[in-house]
Structure formats: C-alpha cells, structure tokens
Amino acid sequence: MARAVTPRRKAINTALAWGIGILIFFPILWTILTSFKTEAQAIADPPLFLNFDWTLENYVTVQERSNYFRHFWNSVVISVGSTLIGLLIAVPAAWAMAFVPGRRTKDVLMWMLSTKMLPPVGVLVPIYLIFRDTGLLDSRIGLVIVLTLINLPIIVWMLYTYFREIPGEILEAARMDGAGLRSEILYVLTPMAVPGIASTLLLNIILAWNEAFWTLNLTAANAAPLTAFIASYSSPEGLFYAKLSAASTMAIAPILIMGWFSQKQLVRGLTFGAVK
Amino acid sequence: MKTLTRALLGATALTGAAALASAQETTLTIATVNNGDMIRMQGLADDFTAQHPDIALEWVTLEENVLRQRVTQDIATSGGQFDIMTIGTYEVPIWANQDWLVALEGMPEDWNQEDFLPAIADGLSVDGTLYAAPFYGESSMVMYRTDLMEAAGLEMPEAPSWDFIKEAAAAMTDKEAEVYGICLRGKAGWGENMAFLTAMANSYGARWFDENWQPQFDSEAWAAALNDYLELLNNYGPPGAANNGFNENLALFQQGKCGMWIDATVAASFVTNPSDSTVADSVGFALAPDNGLGKRGNWLWAWSLAIPAGTDDEAAAKEFIAWATGQGYTELVAENEGWANVPPGTRTSLYENEEYLAAAPFAEMTLESINAADPTSPTVDPVPYTGVQFVAIPEFQGIGTAVGQQFSAALAGQMSAEQALQSAQQLTTREMTRAGYIE
C-alpha cells in the first residue's frame, strides 16, 4: 500500500529537491555568469551576481585566439567515434554474459572493471611510446582507440545490467520462430533494450567529451579537443577567470544541450529495471 | 570539348593545390604558455609568416603546469610533437645537459645575442653556449601603495631591508578596513611559495645544500627566514594566506587590500593598469629586501624558446626564434600595441630606449632587480647548484613541492616553524640519498 504523502512533506521534498538541484547546477551557472563579466568584475569582492555590466568581450577574445570549431569537431569525432565502436563491441559481449553466462562470467566482468582501478598516469609512458612508434600521437584515431578501451568496461557493465532485466524467454521464443543470432540481437534484444543502450550511449559520450587526461597528454595541435581548448585559458600569472569561463561555457554548451534534450532517455535508462 | 575543359580545370585546381602545399611545406608546432606576452606573439605571427611564406605555424597553448608536464614527457621520450618549446630557466640547464636541446649556434647575425641581459643569458647557457632564447624575463620586487605608505609616515627606500618591510607592514595594516600590510605567496609548490621563500632565504644567508649536497634546513639562517616569513603573514597578512599564489595576491592588491606585495616584476604592468586595478595611480616599486649580506631576496626567471633535439625543422625553428626574440619583434609590438606591452627583461637595448622608459614607469626597477640576481652564484655561501629560486636538478620539482607543503602547513598553523624545518630536512635528506647525491 502506498504511503500517503502530506502536503507539508511534499513541500519539504520539493524544496529539498530544488535545493540540491540548484546546488549541483550552481558552479555551471556561476561559470556562465562569469563569462559575461570583465576580468576585474570576475574577481570582485564581494562577488557580483547579476548586477554587473554584461559584456561579450570574452567570447570575442576566445573566438579570435582559438579555432573553436576545430576543437569542437575533434571532440565530436572522438566522443561519438569511441562510443559507437565501444557499443559495437559491448553489445555482443553483454549479450553473451547476460544470456549465455559461463562459470567465469562474473570474474571476467570484475576483471574488466578492475582495469578502471589503475590510475591512468601509471600507463602513460608505455602508451605514449606505443603511440609514438605507431604514429598515433596527436591523431583522432589514436584517441578514439584509447577512449574506446577506457570506456569499454563501463559500457559492457551497463549493457549487461540492462540485458539481465530482459526475460530470456522472449529470446527463446524468437529462436523458436527461427531467428538467428544476428536477428535475435538486432531485431529482438536491441529494440527492447533501447532505453538502456541510449542511456549508455549518452553517458559514454559525456564521459568521452569530458575526458581530460589522455586528450591532453596524447594531442598537440591537430587532434586536440575542447578539453585542450579550456586548458589553454588558465594562467599562473595574470587574470584569466572571465576568459576561462567563456571558453568553458563554449566547451560544455554542446554537451549540456544534448543532455537537456535527452534527459528523458537518460533518466529512463538509468532507472531501467530499478523498479519492479 | 566539355571533357577537355573539365580535365583542364581539374589539372589547374590540382596544380594550384600542389603549389599551395609546396608554398607551406614546413609546419612548426610551437608549445607555449598562456600569458599576455605569448598570446600577443601569436597575434603578431602573421608578420613572420609573411616573411616566410614557406613556414606555417601551429600553436599549442597550455597552462604552465600542464605545459611543463607535456613538454617534459615529449622530450624525454623523443615524441617529436613540438618543434619549438616554451620552457623556463629551471628546465634549460637540466635539458641541455641531457642533450635534449639544440644549441642556438649559427643564428642570424642581426639577432644580436650580445644584447641579451647577462643575468638572463647566463641562466639559459651551459658552458657558455646558449640553449634557449629569452622571450621575456622577470625578477621579483616590492610593489607598494604610495598613499598608505605616506599615511603611515614612512618612506620606502629604493633598496629596503627586511626590518623596514616588517616595520612598514605593521604600520600599514588596518584589519578592520581589510587592509593588510603585506601579501606574499603561501600556496604550496616549488614555483609558488618556494620560489618566494628560497629567494628570501638567500638574502638571509641560507641555502638549500652545502657544497657536498647536504640539505641545510637545520641552519639558523633558514630558521630566521621562515620565522620572519610566518611572522609577517600571520600578523600583517590577509586571512587564508596559505592558499594564496600570484593570482590571488594580484586580485587582493588590485582591490586595494595589500599595503605591500613582493612578487614577479611582470605584475607591475597589471597593478598599474587602470582598467583592472583600483589602485593603479598609487603604486610604487622598490628592490626586493635584503639583510645586508650581499644578496637580495629576488628571483630570476625567463620564459624562453628552445628547440628540442631531433626536430625535423631545426633551420625553420631557428628562423622563428630569431624573429620572436629579435629586436625587430620589440619594434613590431611597440608599433602595434605600444611600448608598455613590449616583452620585458631580455635585452639591454630595451632599457636604453627612451620611449620604452617613458611608457613603462617600472622599467628601471625591473632591470635593477634582474641585474641584482645571479643564477650562477645565488647564495651568500657557496653552493654546488645554479638557480636563484630553484635548484637546477631534476629532483627539485618533487622535493621543492614537498618542502613547500611543510612551510604552507606551518603558515596554516598546522605545525610550528621548527617542525616544518625538521620535516623539510628529513624529506630532503631522504630524497637526495635516494637520488644518489649523498650517502
């Protein structure tokens, strides 16, 4: 029996949810506001919230100094490319683990996840040397490979969790109707797992978009994505907060907009199977 | 006929594309740090490419610490990602000794190497050979509020002592009005609080190591320097000083909250810029303080352009460096952005230029500060290392930051000065033993 929610309790819950939401969003809001200030206003004490002279000067400076669209395009290619390749590998892998588990499936899953426990800097030099020798330094294909491998355990884990919620009987029925393995995965499993696959896709695009260790260390001029674009606006000597905020806003805007439009899919996917 | 026309057009387009490709057959990738002078250089680089249509430029601009890690990793692994690197006075002697840098020999005659300030050139040379060309140089000095100094009934000498600084800091402090007598770096890091403290300690007669590489944090000179530093900041400094670096202190000074600030000479142009600074018209300058021991507490640094060994485009890289660090570039900046924006601290001729001296009121003090620092003999007692605010050995980044953390903790009140020095002595001894300098 569902518990009755009193109006007072509802009001408290709503206020609490809004409070947490604002708290989480505030750094982004502050970054956006700072991007419209002058450098002097950006460091004003007490801080200026809305009562400042709004200016687009920082955006103009950033546009003049950097080739934003090149960085943006690199980010798109690297994040979408690594996610799609990751999905191509992970869907069959997760299918096998969810529907035809072996004795060691759990161990394999745990082993895959354990690769995420190694600090990336621990393998920086070997990977840098491999990239140097194979000519992959400062190339988009190199970053796609690295980010695919880095995010693969998460993709497999997420898909495995979603696939486990799908009754095996439905796949058996499809097999009895004469569906082959390819048809079973493509026409039966995938459509049923669309919310899960969509949220995996979105989450991994976001992860790859924001990845700032490998993208900074393995690129120079050609393949540098938006993370390198942001890093170029921090300075140890001189005021830079307003320009850095403008660059950050430009870098996060595409992913924020994408997240905004796909939030239904994201929430649906992330809560998939949470309530039975 | 139509086919022939298409074929001819296609051939013309291909020839055009090929001609364009061969016109820019060399691409130089330049790794640089994000500061005003370097960004200005990027903006003016069309002048170079107009003179050298066969050379294209690609810029990789990064934050200082990211840049340092990135170029170190690339040069140590012969990654070959960069043709020109922006590096500091710390890296040059270490990398040159590893044969990682191309010696700047055979440069064009009109580059005029002899014009570089001797203190700066010495810091970038090994055995008399220059391995990096200084793009801009800096030292540190005292920047102070002339109005507050006057109100305190004091007059800043051109070359103050640490005793005077203490007296002035006490007289200028008005905590209720949020005016603090002195602002200094407190944030931990070899290039943060340790840059200031090492330079300060030099003027107290302290040194990092004796001639046999034995750490010297157990000396009386270090204790005196650290105690005075803590006393200054605890009594007359802003709250939370242990978190303040260059930018935090710059913001405080520009907002009128610091009576004095001892930091990089490059800050002079920021604090006197009326569009950013509320105290632009009341800033005075003085040499970094001393204790009468023959060494002042100022550092020496130059952001410089160097060519990594193994680059395919050494000749083109030298052409670019000659352009960016030549006297012609100075005139180009002056013409486009005014004399006050010319990169300072590298050439003697700049400080003989009346137009520059008129446009930059801090010019003479910058020159005097640079000349007062000697990277080859930074301390009162002899030392086996070079470098004023750092020790030019590869291990220093790690050790310097670890020691900086102890001193920053002492400033935050988490330990006493004595404990911080003891801890610094222990960890430095351990690391130097590990590295094989001492047994």
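Small disclaimer: the values here were computed from a predicted structure and weren't measured. (Residues numbered from 1 in each chain as written. Chains lettered and ligands numbered in written order. Predicted model: local features only at pLDDT ≥ 70, side-chain atom pairs only at ≥ 80, totals over all residues.)

Enquirer: Is there a simple way to explain the overall build of chain B in this structure?
Expert: From N to C terminus, chain B includes 18 helices and ten strands. The globule rule puts the C-alpha radius of gyration for 439 residues at 22 Å, and the 24 Å found for chain B is close to it. Relative to its 439 residues, chain B shows a buried fraction of 51%. Here the contacts in chain B between residues at least 6 apart in sequence split such that 73% fall between residues at least 24 apart. (Helix = DSSP H or I, 4+ residues; strand = E, 2+ residues; numbered from the N terminus. Rg over C-alpha atoms; globule rule 2.2 N^0.38 Å. Buried ≥ 20, exposed ≤ 12 C-beta atoms within 10 Å, placed from the backbone. Contact = placed C-beta atoms within 7 Å.)

Enquirer: Can you walk me through the domain arrangement of chain B in this structure?
Expert: A common measure of how large an interface is: the accessible area buried when the components associate. All names here are of chain B. Looking at the assigned domains, one finds that chain B contains domain 1 (23–137 + 300–359) and domain 2 (140–299 + 376–434). The interface is formed by seven residues belonging to domain 1 together with nine residues belonging to domain 2. Elements with a contribution of two residues or more to the side of domain 1 that touches domain 2: helix H5 (91–97) and strand E10 (300–306). Residues belonging to the side of domain 1 that touches domain 2 are distributed by class as follows: six nonpolar, no polar and one charged. (Domains from an automatic or database assignment. Nonpolar A, V, L, I, M, F, W, Y, C, P; charged D, E, K, R; others polar.)

Enquirer: For this particular structure, what's the right way to read the nonpolar core?
Expert: Within soluble globular proteins, side chains that are nonpolar generally end up buried alongside one another. Counting 198 residues, the largest nonpolar core has Ala94 and Leu159 of chain A together with Ile84, Met143 and Met260 of chain B as its most contacted members. Two domains each put at least three residues into this core: domain 1 (23–137 + 300–359) and domain 2 (140–299 + 376–434) of chain B. (Core = buried A, V, L, I, M, F, W, Y, C linked by C-beta atoms within 7 Å.)

Enquirer: It is not clear to me how the interface of chain A and chain B should be interpreted in this structure. Could you clarify?
Expert: Contacts between the two partners involve 24 residues from chain A and, on the opposite side, 28 residues from chain B. Of all the secondary-structure elements, those providing two or more residues to the side of chain A that touches chain B are helix H2 (39–42), helix H6 (124–134) and helix H11 (214–217) of chain A. The leading source of residues in the side of chain A that touches chain B is H6 of chain A, at four residues. Of the residues that constitute the side of chain A that touches chain B, the class distribution is 13 nonpolar, five polar and six charged.

Enquirer: Please clarify how the packing of helix H1 (residues 7–34) of chain A against helix H13 (residues 241–261) of chain A should be interpreted in this entry.
Expert: When two helices pack together, their arrangement is given by the angle between their axes and by how far apart the axes lie. Residue and element names in this part refer to chain A. Contact geometry for H1 and H13: axes closest at 7 Å, N-to-C directions at 115 degrees. Along this stretch, H1 crosses H13, giving a crossing that reads as left-handed. In contact with Thr31, Ile32 and Thr34 of H1, H13 contributes Tyr241, Ala242, Ser245, Ser248 and Thr249. Its residues assigned to classes, the contact of H1 with H13 shows three nonpolar, five polar and no charged. (Axes fitted to C-alpha atoms, helices over the stretch in contact; angles between N-to-C directions. Left-handed = near helix turned anticlockwise from the far one by under 90°.)

Enquirer: For this particular structure, what's the right way to read unusual backbone geometry?
Expert: Glycine aside, a negative phi is what most residues show, and trans is what most peptide bonds show. Residues and elements named next belong to chain B. Despite not being glycine, Ser78 shows a phi value in the positive range, around 50 degrees. Backbone geometry at Asn112 places phi at a positive 60 degrees, although glycine is not the residue there. Position of Asn112 among the secondary structure elements: in the loop between H5 and helix H6 (118–123).

Enquirer: Whenever I open this one, the packing of helix H7 (residues 140–164) of chain A against helix H10 (residues 194–210) of chain A confuses me. Can you help?
Expert: All names here are of chain A. Relative orientation of the contacting elements H7 and H10 amounts to 155 degrees, with a least axis distance of 10 Å. Here H7 lies roughly antiparallel to H10, going by the angle between them. Crossing geometry of H7 relative to H10 is assigned as right-handed. For the pair H7 and H10, the contacting residues are Leu147, Asn151, Ile154, Ile155, Met158, Leu159 and Tyr162 in the first and Gly196, Ile197, Thr200, Asn204, Leu207 and Ala208 in the second. Class assignment of the residues belonging to the contact of H7 with H10 gives a composition of nine nonpolar, four polar and no charged. (Parallel < 35°, antiparallel > 145°, perpendicular 65-115°, else oblique.)

Enquirer: Would you explain the confidence of the model for chain B in this entry?
Expert: It should be kept in mind that the predicted coordinates are not to be read in detail where pLDDT is low. Residues and elements named next belong to chain B. Mean pLDDT for chain B: 91, with 95% of residues reaching 70 or above. Taken as a whole, residues 14–22 scores under 50 in pLDDT and shows zero contacts with residues more than four places along the chain or in a different chain. Both scores are available for the predicted complex, with the pTM at 0.84 and the ipTM at 0.81. (pLDDT = per-residue confidence, 0-100.)

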